[in-house]
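Inside the fold
So the chains spell out like this:
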Amino acid sequence: TASQLSGVYAYDTSGNQLWHNSQISGPLDAEAIYGYFDGSNFRLGAPYRGGGSDVYDLSGNHIGTNAVSGSQIMQQANGDIVATSSGFIRIYDQTGMTQKFYMGTDIPANSGGPFHFYVLGGATELSDGTIVAETVDGLLFFTSAGRYLGAVQTDPYSNTTGAVDTLIDGGAVISYNN
């Protein structure tokens with residue numbers, strides 16, 4: 001799928017356009033179109049700037065909205081939807097309607113306050129509820145309540161792009177070093 005100013009387009013693997021829907025709620029965040037299973041059906045979410053996502057069925061029909069916002073969005077094995085941006089992690093239920101977890105801040109760097117993410121590359125939720133956040137410094141581990149557990153650091157003096165691509169808890173943790 002791809003998003004453009006005039007709406008959302010879906011293409012098959014050969015590049016043929018399957019559908020186009022111009023019904024959008026606001027300027028789309030083109031990097032974050034995501035698919036998810038809501039417990040009954042597979043859906044396509046297209047987040048728009050300002051919060052929330054337009055939701056489409058597989059035929060391209062606009063069927064509503066949900067609360068999911070972020071620039072990297074992925075559904076986890078337990079059904080939860082994890083959304084990140086450069087400064088936050090949000091976790092939603094499988095419908096995308098209820099936010100279950102939030103960690104991050106938009107206050108200036110080096111200011112007092114809650115945990116800061118400076119360059120967050122993504123996050124995943126492990127089967128035991130542990131949240132793993134990838135930053136330029138490595139993997140940071142938090143409880144499902146947001147308590148810091150520790151870190152696996154990357155080497156700051158070498159090119160670490162893709163260096164933190166390992167298996168944790170049976171699932172791939174993929175490193176994006178933007």
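A brief look at the structure comes next. Just so you know, these numbers come straight off a predicted model, no measurement behind them.

Structurally, G60 is set in the loop between β6 (53–56) and β7 (62–66). Relative accessible area serves as the criterion here: at 5%, G60 is assigned to the buried category. Distance in space between the C-alpha atoms of G60 and H20 is 6.6 Å, their sequence separation being 40 residues. Leave out the neighbours within four places in its chain, and G60 touches W19 and N21.

What follows is about the pairing of strand β4 (residues 34–37). Burial along β4 is one-sided: the face carrying Y34 and Y36 is buried and the face carrying G35 and F37 is not. As paired elements, β4 and strand β5 (residues 42–47) share 4 bridges and run antiparallel to each other. Looking across to β5, one finds that G35 is bridged to L44. Linking β4 back to β5 in an antiparallel pair, the connection comprises 4 residues, with G39 at a positive phi of about 105°.

Let us look at the pattern of salt bridges. A full pass over the atoms with the stated rule returns 2 salt bridges. One salt bridge in this structure joins R43 and D38, with 3.3 Å as the shortest N-O distance. Accessibility classification places R43 together with D38 in one group, the buried group. Linking D80 and K100 is a salt bridge whose minimum nitrogen-to-oxygen distance equals 2.9 Å. Of the two residues, D80 is situated in the loop between β8 (72–75) and β9 (81–85) and K100 in strand β11 (residues 99–104); the sequence distance between them amounts to 20 residues. Residue D80 is classed as buried on the basis of its relative accessible area, which comes to 5%.

Basis of the calculations
Residues numbered from 1 in each chain as written. Predicted model: local features only at pLDDT ≥ 70, side-chain atom pairs only at ≥ 80, totals over all residues. Heavy atoms only, no water. Helix = DSSP H or I, 4+ residues; strand = E, 2+ residues; numbered from the N terminus. Buried < 20%, exposed > 50% of the residue type's maximum accessible area, 1.4 Å probe, protein only. Contact = heavy atoms within 4.5 Å. Pairing = 2+ DSSP bridges. Salt bridge = Lys/Arg side-chain N within 4 Å of Asp/Glu carboxyl O.

Remember that the coordinates give geometry; whether it matters functionally is a separate question.
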